[in-house]
Amino acid sequence: MSPTPWPYYPVFMRLRGERVLLVGGGEVAVRKLRLLLRAGARPALVAAQLHDEVRQLCAEGAVHHIGEHFTPLQLAGARLVIAATSDAELNQRVAAAAQQAGVPVNVVDDAALSSFVTPSVVDRAPLLVAISTGGAAPVLARRLRERIEAWLPTGYGRLAAFMHRWRETVYTRLDGAARRALWERFLDSRAVERVLSGDEATAERDLQQMIEGRHPGGEVYLVGAGPGDPDLLTFKALRLMQQCDVVLYDRLISPQVLDLVRRDAQRIFVGKARSRHSLPQEEINAELVRLAKAGLRVLRLKGGDPFIFGRGGEEIDTLMAHGIPFQVVPGITAASGCAAYAGIPLTHRDYAQTCIFITGHARKDGQLNLPWDQLARRGQTVVVYMGLSTLPQIAARLIEHGLPSDWPAAMIEQGTSPEQRVVVGTLGTLPQAVAATGFSAASLLIVGEVVRLRERLAWYGGAGGESIARAVSPS
Ligand SMILES: C[S@@+](CC[C@H](N)C(=O)[O-])C[C@H]1O[C@@H](n2cnc3c(N)ncnc32)[C@H](O)[C@@H]1O
């Protein structure tokens, strides 16, 4: 079967300093003018009525308004012609005159009259991605453009510019096949992320080393994977997950999130259950250093946000001490994720003007050393991480320090996941209700009047959520 013929031949055209004739002065013309000016063209405009923005561009001298009515003489010296009027007869005349003069013409939204069409563009200049369906389905092209927009890091233009700057040097130092191999290695190396994060000095050193046949070191990505729902990953988290050589992850990382890590990356579980540390923190730190020094791109994937009860600071401290480059990617912390999916706003004009995050992790002697006076206050929300086993103690202390026993509180287990479960109660009743429900996975406690709002705002089911959500109802 022969391939489908192309409706148009794709080209990128240099228009810097070139005259382009645009007929029409309305909103469509504004869009065309913006693009032409991005390409450095000298637009000559024919229109009887001018949109405000077009008038402004003419006043600034960026666009030359050469007349109100189209005549074929205006085509002289034009590299392209664009007809962007709502007058079909005029568009037809412009197209016919341009065809006759041998000047490529585009009639907006009329592929039959056009000798060229303008694609949808993803702009990462100097990198441009152009998408065209040859006029067959412009909405499809726009959809595709939106997808590519979301997927293509904004810094890719900087990357293209960086490679352009080094092209000449690489050209003089290496020959054909070696050159290509070098750029392939470069694009697989940490240098790309260095450029994207603005650290071009390290990227240049790396590239220099690669040109000399040496292998630059690796780097570490300390990435927050959010509370569980893979859709809550950031673009950057996903990008780094898909390009690492090895991943170190802990218990909070959901299988669905781990599934998105590059298939052939080595996976190392470093655990961390409350009382069972698979790898002590010092060993995790040392492992990160060892792997990065071996030249690998190491992903340290952490639940929630790495800087919120995540010991991310300690890990990068060690990396810093060893001179290993790293990036930190924030994630949605359990407090935001669980609160949102449980329908409990953390602050609210009427109920809470402050929000405090604390850890309910007990000391070795089982005691909690927390600033109870600061926590037992009205008008604020207290979010307790790692407070499942100490919930009875927390509730009792808050009551002792002045909160009423019918003060609203909720416990959310495996928030944002399909298994999310929520128990709502009061400081007096929640410990028993949670024990009766048998929570054992990652659970987050929210204390404060905002919990009442769940009654109205709960929107996310989760598999087991709603069946027990109202084990005890706050008044
Ligand atoms: C060591 S802390 C890590 C917090 C993490 N860095 C963050 O920003 O969310 C672990 C605690 O976070 C809370 N947590 C994390 N993910 C959770 C989830 N999906 N549902 C409920 N609680 C969660 C639990 O309180 C858990 O014991």
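Residues numbered from 1 in each chain as written. Predicted model: local features only at pLDDT ≥ 70, side-chain atom pairs only at ≥ 80, totals over all residues. Heavy atoms only, no water.

1. Quick notes on the site of the ligand
Around the ligand there are 18 residues in total, and Ile-308, Thr-333, Ala-334, Met-386 and Ser-443 lie nearest to it. Here Ala-334 contributes a backbone N or O atom positioned 2.8 Å from an oxygen atom of the ligand. Note that an oxygen atom of the ligand is positioned 2.7 Å from one of the backbone N or O atoms of Ser-443. Contact with the protein chains covers 89% of the free accessible surface of the ligand, which is 570 Å². Of all the elements in the fold, those that place two or more residues in the shell around the ligand are α13 (334–342) and β17 (443–447). Each residue belonging to the shell around the ligand can be placed in one class, and the counts come to 11 nonpolar, 6 polar and 1 charged. Both domain 3 (217–332) and domain 4 (335–469) contribute no fewer than three residues apiece to the shell around the ligand. (Near = heavy atom within 4 Å. Polar contact = N/O pair within 3.5 Å; in protein donor to acceptor, adjacent residues only side chain to side chain. Areas by Shrake-Rupley, 256 points an atom, 1.4 Å probe, with all protein chains shown as cover. Helix = DSSP H or I, 4+ residues; strand = E, 2+ residues; numbered from the N terminus. Nonpolar A, V, L, I, M, F, W, Y, C, P; charged D, E, K, R; others polar. Domains from an automatic or database assignment.)

2. Focus on the packing of helix α1 (residues 27–38) against helix α2 (residues 52–60)
Between α1 and α2, whose axes approach to 9 Å, the crossing angle comes to 35°. You can see that α1 and α2 cross each other, and the crossing is left-handed. Touching Val-30, Leu-33, Arg-34 and Leu-37 of α1 are Glu-53, Val-54 and Leu-57, all from α2. When the residues that make up the contact of α1 with α2 are grouped by side-chain class, the tally is 5 nonpolar, no polar and 2 charged. (Axes fitted to C-alpha atoms, helices over the stretch in contact; angles between N-to-C directions. Left-handed = near helix turned anticlockwise from the far one by under 90°. Contact = heavy atoms within 4.5 Å.)

3. Quick look at the domain arrangement of the chain
Annotation of the chain at the domain level lists domain 1 (19–118), domain 2 (153–215), domain 3 (217–332) and domain 4 (335–469). A separation of 50 Å is found between the C-alpha centroids of domain 2 and domain 4.

4. A look at the UniProt feature "domain: Sirohaem synthase dimerisation" (unreviewed entry) in the chain
In the numbering adopted here, UniProt assigns the feature "domain: Sirohaem synthase dimerisation" (unreviewed entry) to residues 155–211. With 86% helix and 0% strand, residues 155–211 has end C-alpha atoms that lie 23 Å from one another. (UniProt positions renumbered as here; feature names shortened; annotations may be inferred.)

5. A closer look at unusual backbone geometry
In this structure, the amide linkage connecting Ala-125 to the following residue, Pro-126, adopts the cis form with an omega of 10°. By the secondary structure assignment, Pro-126 is in the loop between β6 (120–124) and β7 (127–131). Positioned with a positive phi, Phe-309 is a non-glycine residue whose angle comes to about 45°. Along the chain, Phe-309 falls in the loop between β11 (297–302) and α12 (312–321). A positive phi angle is found at Thr-416, which is not glycine, with a value near 75°. With respect to the element layout, Thr-416 can be found in the loop between β15 (408–413) and β16 (421–426). Taking relative accessible area as the criterion, Thr-416 reaches 1% and is therefore assigned buried. (Buried < 20%, exposed > 50% of the residue type's maximum accessible area, 1.4 Å probe, protein only.)

6. A few points about the side chain of Glu-219
Within the secondary structure, Glu-219 is located in strand β8 (residues 219–224). By relative accessible area, which is 0% here, Glu-219 ends up buried. At 3.2 Å, the side chain of Glu-219 forms a polar contact with the side chain of Tyr-221. Look past the residues within four positions of Glu-219 in its chain and what remains in contact with it is Arg-190, Glu-193, Arg-194, Ala-292, Leu-296, Arg-297, Val-298, Ile-324, Pro-325, Phe-326 and Gln-327.

7. Considering the pattern of salt bridges
Once the charged atoms of two side chains with opposite charge are near each other, the side chains can pair. Scanning all chains against the criterion turns up 24 salt bridges. Salt-bridge contacts for Glu-287 lead to Arg-290; the nearest nitrogen and oxygen are separated by 2.9 Å. Remark: Arg-290 and Glu-287 occur in helix α11 (residues 281–293); sequence separation between them is 3 residues, near one turn of the helix. Here Glu-287 falls in the buried class, since its relative accessible area comes to 18%. In the salt-bridge network here, residues are joined through shared partners; they are Asp-245, Arg-262, Asp-264 and Arg-297. (Salt bridge = Lys/Arg side-chain N within 4 Å of Asp/Glu carboxyl O.)

8. Some details on the sheet that holds strand β4 (residues 80–83)
Strand order across the open sheet formed by 5 strands is β3-β2-β1-β4-β5, with parallel pairing between neighbours. Of all strands in the sheet, those bounded by a partner on one side alone are β3 (64–67) and β5 (105–107). For this sheet, the mean angle separating the axes of adjacent strands, direction not counted, is 25°. Sheet topology places β4 next to β5; 3 bridges connect them, and they run parallel. Bridge pairing links Ala-83 to Val-107 in β5. Against the sheet, α1 makes contact with β1 (19–23), β2 (42–46) and β4, and its axis sits at roughly 175° relative to β1, the strand it touches most. On top of the sheet, helix α3 (residues 88–101) reaches β1, β4 and β5; it is set at about 165° to β5, its chief contact. (Pairing = 2+ DSSP bridges.)

9. Some details on the sheet that holds strand β13 (residues 354–359)
Across the sheet, 5 strands lie side by side as β13-β14-β17-β15-β16; this open sheet has mixed pairing. Both edges of this open sheet fall to β13 and β16, since each of them pairs with a single strand only. Within this sheet the neighbouring strands show an average axis-to-axis angle of 15°, counted without direction. Alignment of β15 against β17, held across 5 bridges, turns out to be antiparallel.

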